[in-house]
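# Structural description and commentary
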Amino acid sequence: MDRIRLVGGNELRGEIPISGAKNAALPLMIASLLSAEPLVLNNVPRLADVKQLERILENHGVDIAVHGRRRGEDEGVGQRMTFHAADIVDTTAPYDLVSKMRASFWVIGPLLARCHEARVSLPGGCAIGTRPVDLFLYGLKALGAEIDIDDGYVVAKAPKGGLVGTTISFPKVSVGATHTILMAATLARGTTVLENAAQEPEITNVAECLVAMGAKISGIGTRTLTIEGVEKLHGATVDVIPDRIETGTFAMAAAMTGGDVLLKGARPEHLQSALDILAQTGVELTPEAGGLRVRRNGNGIRPVDVETEPFPGFPTDLQAQFMALMTMSNGVSQIRETIFENRYMHVAELARFGADIAVNGQVATITGKPQLRGAQVMATDLRASVSLVIAGLAARGETVVNRIYHLDRGFERLEDKLSRCGAEIERVAG
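Residues numbered from 1 in each chain as written. Predicted model: local features only at pLDDT ≥ 70, side-chain atom pairs only at ≥ 80, totals over all residues. Heavy atoms only, no water.

### Here we look at the pattern of salt bridges
We count it as follows: The term salt bridge refers to a side-chain nitrogen of Lys or Arg lying within 4 Å of a carboxyl oxygen of Asp or Glu. Helical segments are the DSSP runs of H or I of at least four residues, strand segments are the runs of E of at least two, and each set is numbered from the N terminus. Throughout this description, buried means an accessible area under 20% of the type-specific maximum (1.4 Å probe, protein chains only), exposed means over 50%, and partly exposed covers the range between.
Applying the stated criterion across every chain, the model contains 22 salt bridges. Between glutamate 15 and lysine 264 there is a salt bridge, with its nearest N and O atoms 3.8 Å apart. With glutamate 15 in strand β2 (residues 12-17) and lysine 264 in strand β15 (residues 259-264), this residue pair connects regions lying 249 residues apart in the sequence. Judged by its relative accessible area of 29%, lysine 264 is partly exposed. Here lysine 51 makes a salt bridge to glutamate 54, at a shortest N to O gap of 3.5 Å. Residue lysine 51 and its partner glutamate 54 are both found in helix α2 (residues 48-60); the two are separated by three residues, about one turn of the helix. Of the residues examined, lysine 51 reaches a relative accessible area of 44% and is grouped as partly exposed. The exposure class of glutamate 54 is buried, given its relative accessible area of 7%. Members of the salt-bridge network, linked through shared partners, are Asp260, Glu284, Glu288, Arg293 and Arg295.

### Quick look at the sheet that holds strand β13 (residues 225-228)
Through backbone hydrogen bonds, the strands of a sheet pair up, either in parallel or in antiparallel fashion. Filter applied, for reference: Here, strands pair whenever DSSP counts at least two bridges between them. Geometry is summarised by axes, namely lines fitted to C-alpha atoms with helices restricted to the contacting stretch, and by angles between N-to-C directions that run from 0 to 180 degrees.
With mixed pairing, four strands are arranged side by side in an open sheet as β10-β11-β13-β12. Both edges of this open sheet fall to β10 (167-169) and β12 (216-218), since each of them pairs with a single strand only. For this sheet, the mean inter-axis angle between neighbouring strands, taken without regard to orientation, is 15°. As paired strands, strand β11 (residues 191-195) and β13 are joined by four bridges and run antiparallel to one another. Considered in β13, the bridge of leucine 194 is made with leucine 225.

### Observations regarding the pairing of β11
Looking at chain direction, β10 and β11 are connected through three bridges and run parallel. The partner of isoleucine 168 across the bridge, within β11, is leucine 194.

### Things to note about the nonpolar core
Heads up, the condition is: Only buried residues count toward a nonpolar core, which is a set of Ala, Val, Leu, Ile, Met, Phe, Trp, Tyr and Cys residues joined through side-chain atoms within 4.5 Å. The contact criterion used throughout is that any non-hydrogen atoms of two residues lie within 4.5 Å.
Leu163, Leu194 and Leu210 are the most contacted members of the largest nonpolar core, which has 76 residues in total. Examining the composition of this core, we find that seven residues originate from one element, helix α1 (residues 22-31), more than from any other. Residues in contact with leucine 210, not counting those within four places in the same chain, are Ala31, Leu34, Leu182, Met183, Thr186, Ala215, Ile217 and Leu233. Listed in part, the 66 residues of the second largest apolar core include Ala255, Ala394, Phe411 and Leu418.

### Quick look at the sheet that holds strand β21 (residues 363-367)
Read across the open sheet, the four strands follow the order β18-β19-β21-β20; overall the sheet is mixed. Unpaired on one side and paired on the other, β18 (306-307) and β20 (356-360) mark the two borders of the sheet. Where helix α10 (residues 319-326) meets the sheet, it contacts β18, β19 (332-336), β20 and β21, and its direction lies at approximately 170° from that of β19.

### Description of the pairing of β19
A regular strand places its side chains so that they alternate between the two faces of the sheet. Our working rule: If you view a crossover with the strands going away from you and the path from the first strand over the helix to the second runs clockwise, you call it right-handed.
Because side chains alternate across β19, one face comprises the buried residues Ser333 and Ile335, and the other comprises Val332, Gln334 and Arg336, none of which is buried. Relative to β19, β18 runs parallel, the two being bridged by two bridges. If you follow valine 306 over to β19, its bridge partner there is isoleucine 335. Traced from β18 through α10 to β19, the parallel crossover comes out right-handed. Pairing geometry for β19 and β21, over five bridges, is antiparallel. In the strand pairing of β21, isoleucine 335 is matched with alanine 364.

Here it is as structure tokens:
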């Protein structure tokens, strides 16, 4: 397997273009199943997860085209892609495809809405918690679907005439369930009300895409979504929003190493709570017309306590990166992880850098040190992987991050973006 080798100690200075959001691109791609007309997506990131979902959609009969660059277009801009589901030839999403990526399970919503049936393998993905699909099934059953579990597959059938709108109150906030039930409800008969829906910017991106395709949705960006079902959706052209997790990741990298970085295309309003926390550590954050500027002078990093929460709170997907930053603070900080139960697997790897971290249940206590030392480390999941890179950027000496296929799932051209800002980093072929 490929590895990343880096030598720490360099400040980051320059510009980093922010890629399209993986967590928006994947459900937007899945939304193409709802219409027989083409859906064109701009700014799709070049990621392993995107390629995997392409294979799944092609298995259902979706034609996919990747368009070339336009004259004058920045090379940092993501792909322009067309997804055309004129004829869905197979409503089964097989285990060998779905098991590699959790979000692929979300195809169950559009397949059930448009074809009135679906057979989808139970999902895989990062081992950061159980993340059951009970809320997905709860929502689909409320829309009238019959659900059976057969040999590791969820087998769903809509009632005669299709799904039926209703009021669904999620017992807890779930991004995946909100995406899935939102998409399914667009073609249901009557009105569906989703209460306690997720409010993430990626949900808004998908909801606005569905509206562009002809769906009738109100309450976008709030906890309550109201969807009036329509008979069919048409094609549209939609932009994938910039990746707020990538924005936060590079902001924390600049905070940890020092320097001055412009995160081009970043939208600060999509991660304001994380930026507020970062500002408390002593980092200077300045929104600019071209994005977000992140600066840290020679002052130390102040310790700050944080708790992960659903949007608009501090994102769980930035917890590992913030922990890396806190390992070099000038005091003691605490992180409480409330979203996923197994999301401290990076602690043991950060300890290899000399970090002082103690975990007690949901709470990690980090005692900052003035200097980390380079180490051989192993990536355990997507966000943990990049926390090790951040630590390596600031550590003294050489760091090698092994098993980086996790990074390729969610970060586009990571080593290229960092090296252009002065990091000594390279990919080493396996």
